[in-house]
Amino acid sequence: MSFAGETKKELCKSILRLDKCCKFAVLYGILLFGNKFSVNEIKIVTEKDFIKETVYSLFKELFDIEPKIRGKQRHDNQITYTISVTEKEDIMKIENKYGFPGGASSIGINFMLLQNECCHKAFLKGAFITGGSVTNPEKRYHLEFATPHYYLFNDMKVFLMEKDIPVKNVIRKGHYIIYFKESESIEDMLTLMDATSSLFKMMDIKIVKDIRNHTNRITNCETANITKTVNASAKHVEAIEKIIDAYGSLAHLDDDIRQVAEKRLENPESTLNELGDMFTPPMSKSAINHRLKKILLIAEEL
Ligand SMILES: [Zn+2]
């Protein structure tokens, strides 16, 4: 199952333990972000059987309503469930609890229903179950809520901003999207919704990703240094061999320069620091560098 699916499954499971006030808040979030929430029809469409069961049991427990459930098999054998409430009497019960906005265009959050602090988390759980999605953090960091309703979008922004989570928004294909791109904000959202398993999974993935990036950076840096050392060393060796070809040996060079030349010839893969350490007393990197430059100059003049 996708990371989003697992998160939603975790949320659905956590709902069973909630107080009644919070269960009402969950269903409110589910309905607002569901497919239809009006005086004529209430409808939620989902491919997840656990969402279907959760919605059904909330209607049953809170309102003693048995919604209709239709399952439709798609080409890929996946079943799409439509859960709907169409009886006037049933819709009235829901209206009495939540109230209905003027029309579909003005669907928004009735904050009077979310006065208990405990219900805020619950409302978010519900909103995420029908309106939310989260990308597998292995790929990238992205969590969003989507709705075609402008007022709901604005109210949701206010609701989230009051939780001190910086929100971003965009309009995509007629839907208003509230989204989060920073891993910290997504972790905050998962924490707010009490999606602890998903939160820990995301944190684990993040740690592995950070280590991998760090290792890549170090490896790239080491590779660059090795290439530099090898290129420089090849030049030195070439110069030293040119001097030997011209004079038959290195014997005519000053002692300090000759010793460095001999060490370089014997250790073409060593860094300047490593060459310096081969002397007693050890020589500094800059002293080695200075002498190798002299060798390059001598060879150039030949
Ligand atoms: Zn509550």
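The model shown is predicted, which means the values in this text are computed figures rather than measured ones.

Colleague: Please provide a residue-by-residue account of the coordination of the zinc ion, values included.
Modeller: Distances from the zinc ion to its protein donors, Cys 21 (SG), Cys 22 (SG), Cys 118 (SG) and Cys 119 (SG), fall at 2.3 Å. Around the zinc ion sit four donor atoms; with metal-centred angles ranging over 100 to 124°, the donor geometry is tetrahedral. Exposure remark for Cys 21: the relative accessible area of 29% places this residue in the partly exposed category. Among the residues examined, Cys 119 registers a relative accessible area of 2% and is labelled buried.

Colleague: Tell me about the packing of helix H1 (residues 3-15) against helix H8 (residues 196-247), residues and numbers included.
Modeller: Between H1 and H8, whose axes approach to 8 Å, the crossing angle comes to 145°. Mapping the contact onto sequence places Phe 3, Glu 6, Thr 7 and Glu 10 in H1 and Thr 196, Ser 197, Ser 198, Lys 201 and Met 202 in H8. Here the contact of H1 with H8 is composed, by residue class, of two nonpolar, four polar and three charged.

Colleague: I'd love a proper account of the state of the cysteines, names of residues and values included.
Modeller: Inspection of the entire model under this criterion finds zero disulfides. Not part of a disulfide, Cys 12 finds its nearest cysteine sulfur in Cys 22, a span of 15 Å. For Cys 12, a relative accessible area of 5% gives the class buried.

Colleague: With reference to specific residues and values, describe the domain arrangement of the protein.
Modeller: Where the parts come together, the accessible area they lose is often given as the size of the interface. Domain boundaries assigned for the protein yield domain 1 (3-194) and domain 2 (223-300). Each of domain 1 and domain 2 was reduced to a C-alpha centroid, and the two centroids are 71 Å apart.

Colleague: Account for the nonpolar core, with residues named and values stated.
Modeller: Ranked by internal contacts, the top residues of the largest apolar core, which has 63 residues, are Phe 59, Ile 94, Phe 145, Met 156, Leu 160 and Phe 180. It is helix H2 (residues 20-32) that contributes the most residues to this core, nine residues altogether. With sequence-adjacent residues up to four places away left out, Phe 180 is seen in contact with Tyr 141, His 142, Leu 143, Phe 145, Leu 160, Ile 165, Pro 166, Val 167, Ser 185, Ile 186 and Met 189. Ala 261, Phe 279, Met 283 and Ala 299 belong to the second-largest nonpolar core, a separate cluster that totals 17 residues.

Colleague: Help me get a handle on the environment of Glu 184, residues and values and all.
Modeller: Of note, Glu 184 is situated in helix H7 (residues 183-192). Judged by its relative accessible area of 45%, Glu 184 falls in the partly exposed class. For the pair Glu 184 and Ile 165, spaced 19 residues apart in sequence, the C-alpha to C-alpha distance is 9.4 Å.

About the criteria used
- Residues numbered from 1 in each chain as written.
- Predicted model: local features only at pLDDT ≥ 70, side-chain atom pairs only at ≥ 80, totals over all residues.
- Heavy atoms only, no water.
- Donors = N, O, S within 2.8 Å, 3.2 Å for Na, K, Ca; no water.
- Tetrahedral: all angles 85-135°; square planar, octahedral: opposite > 155°, others 65-115°.
- Buried < 20%, exposed > 50% of the residue type's maximum accessible area, 1.4 Å probe, protein only.
- Axes fitted to C-alpha atoms, helices over the stretch in contact; angles between N-to-C directions.
- Helix = DSSP H or I, 4+ residues; strand = E, 2+ residues; numbered from the N terminus.
- Contact = heavy atoms within 4.5 Å.
- Nonpolar A, V, L, I, M, F, W, Y, C, P; charged D, E, K, R; others polar.
- Disulfide = S-S within 2.5 Å.
- Domains from an automatic or database assignment.
- Core = buried A, V, L, I, M, F, W, Y, C linked by side-chain atoms within 4.5 Å.

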